[in-house]
Amino acid sequence: MEKLHGFLSHYSRMTERCADFICTLATETSCEGCSRICKAMNLKVSGDTVIRLLTKRYTLQEAAKCGSVIGVDDFAFKKRHTYGTIIVDEATHTPVAILDGRDSSAFKEWLSHNKQVKAITRDRASAYASAIQEILPDALQIADRFHLHQNLLEAIRNTVNAVVPVNIKIPTGHSEKLPLSTESMEEERKKTSCIVDNFAEYNEKSVQLYHAIHEYAAAGYSKRAIAKELHCSRNTVTRYLHGDYESLCRRNYRSGMNQFYDYIIKALSAGISRKDVYRRLIQKGYKGKLTTAYDYMNKIIKIHQIDIAVYRSSTAESIQKKKEIQKYDHITRSGIFRFLWRGMILSAAHKEYLMKTYPQLRELQSCIREFREIYERKSMPLL
């Protein structure tokens with residue numbers, strides 16, 4: 001009887017070790033991959049059995065404990081279909097819970113069982129904010145630099161849309177343009193600092209990866225170690241270590257037409273044909289196809305309701321219309337927003353006209369500059 005008891009005990013331990021091996025193999029590969037490897041080792045187990053085993057092990061684990069400071073954000077199981085909510089302990093930087101959905105119901109239930117939370121970092125999602133306010137009204141809600149800057153961007157965009165018309169006509173007497181040299185553009189851009197997390201001209205993920213790689217390299221990490229820490233290839237690490245910041249992080253325009261947006265509107269409104277506009281874009285450095293340029297210009301014509309019949313005929317009436325159109329320079333609302341937000345170059349005459357006609361733009365420009373100075377100085381009293 002004692003021998004039988006010892007045999008059964010040994011068999012139980014062997015089964016537990018086998019289950020540990022299967023779970024470890026599944027987490028390192030996949031459930032189906034684990035099943036195929038086990039069959040090759042004469043362990044007949046299906047992928048569904050591996051899933052059930054993992055689920056059972058998960059349910060038997062104790063609930064992860066978190067401290068008084070947490071971070072919450074949503075993520076996609078499958079983009080545009082199913083989403084979840086992840087909660088991270090800010091002290092250990094480890095996930096403590098994954099909830100189904102990104103609404104407030106599951107998050108409220110989790111908060112009701114974790115009353116020790118005193119501070120929560122979150123994005124701008126109103127569902128999380130309302131859940132925190134309802135369950136833990138005394139908890140401190142923290143927004144990071146990125147989302148504060150997103151709030152500023154939306155406020156500036158909404159104000160510009162409310163104050164400035166879609167298309168502004170500036171008399172040609174105000175069109176004495178400054179040379180668009182690289183030096184003048186850089187000097188103009190320095191007036192409105194661009195050292196921000198979500199500067200629209202740069203790819204946010206590329207900027208973060210660039211700085212992270214250089215920080216690890218400065219700390220003495222090898223390329224292999226950096227690649228392992230940041231979950232990227234060693235070729236990527238080498239490229240970001242020795243590559244140029246501008247070429248790696250600056251956004252690339254897909255069609256190449258967006259950079260000529262204001263010029264295209266001005267040229268089409270002045271009665272220049274699409275064919276001639278395309279020829280001039282080629283001279284300015286556009287390398288795209290004719291059909292792509294025409295599609296882009298047709299969208300602009302439709303959005304801004306430009307009368308293209310002016311340059312389809314050479315009658316006295318159309319010639320007179322063309323002369324009337326050419327009396328004005330055209331600046332779009334989006335062009336003004338790019339001037340305020342990105343520091344896009346404008347002539348001194350155009351700036352003077354805009355600031356005089358729309359004095360609110362001067363206040364917006366000052367607001368953006370002061371807000372970015374707060375980031376540079378990292379001054380809490382100013383914030």
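Residues numbered from 1 in each chain as written. Predicted model: local features only at pLDDT ≥ 70, side-chain atom pairs only at ≥ 80, totals over all residues. Heavy atoms only, no water.

(A) The overall build of the protein chain, seen in detail. Of the regular secondary structure elements, the protein chain holds 18 helices and seven strands. Summarising the internal contacts of the protein chain: among those between residues at least 6 apart in sequence, 58% fall at separations of at least 24. (Helix = DSSP H or I, 4+ residues; strand = E, 2+ residues; numbered from the N terminus. Contact = heavy atoms within 4.5 Å.)

(B) Seen up close, the packing of aromatic side chains. Scanning all chains against the criterion turns up nine aromatic pairs. Look at F75 and F77: their rings are 4.8 Å apart centre to centre, the planes differ by 65°, and that puts the pair in the edge-to-face class. Overall, F75 belongs to the partly exposed group, its relative accessible area being 24%. Consider the rings of Y210 and Y245, whose centres lie 4.9 Å apart with planes at 75°: the pair is edge-to-face. In this pair, Y210 is assigned in helix α8 (residues 204-218) and Y245 in helix α11 (residues 245-249), connecting sequence segments 35 residues apart. Its relative accessible area of 14% is what places Y210 among the buried residues. According to the relative accessible area criterion, Y245 is partly exposed, its value standing at 24%. For R102, the ring lying beneath its charged end belongs to Y83, and the centroid distance is 3.6 Å. Across the ring face of W341, the terminal group of R372 is positioned such that the distance to the ring centre comes to 4.7 Å. (Phe/Tyr/Trp six-rings, centres within 6.5 Å; stacked < 30°, edge-to-face > 60°. Buried < 20%, exposed > 50% of the residue type's maximum accessible area, 1.4 Å probe, protein only. Lys NZ or Arg CZ within 6 Å of the ring centre and 35° of its normal.)

(C) Broad picture of the confidence of the model for the protein chain. For the protein chain, per-residue confidence averages 78 on the pLDDT scale, and residues scoring 70 or more make up 81% of the total. The model gives residues 3-13 a pLDDT under 50, and that stretch makes zero contacts with residues more than four places away or in other chains. Throughout residues 174-200 the model reports pLDDT below 50, and contacts reaching past four residues in sequence, or to other chains, amount to 51 contacts. (pLDDT = per-residue confidence, 0-100.)

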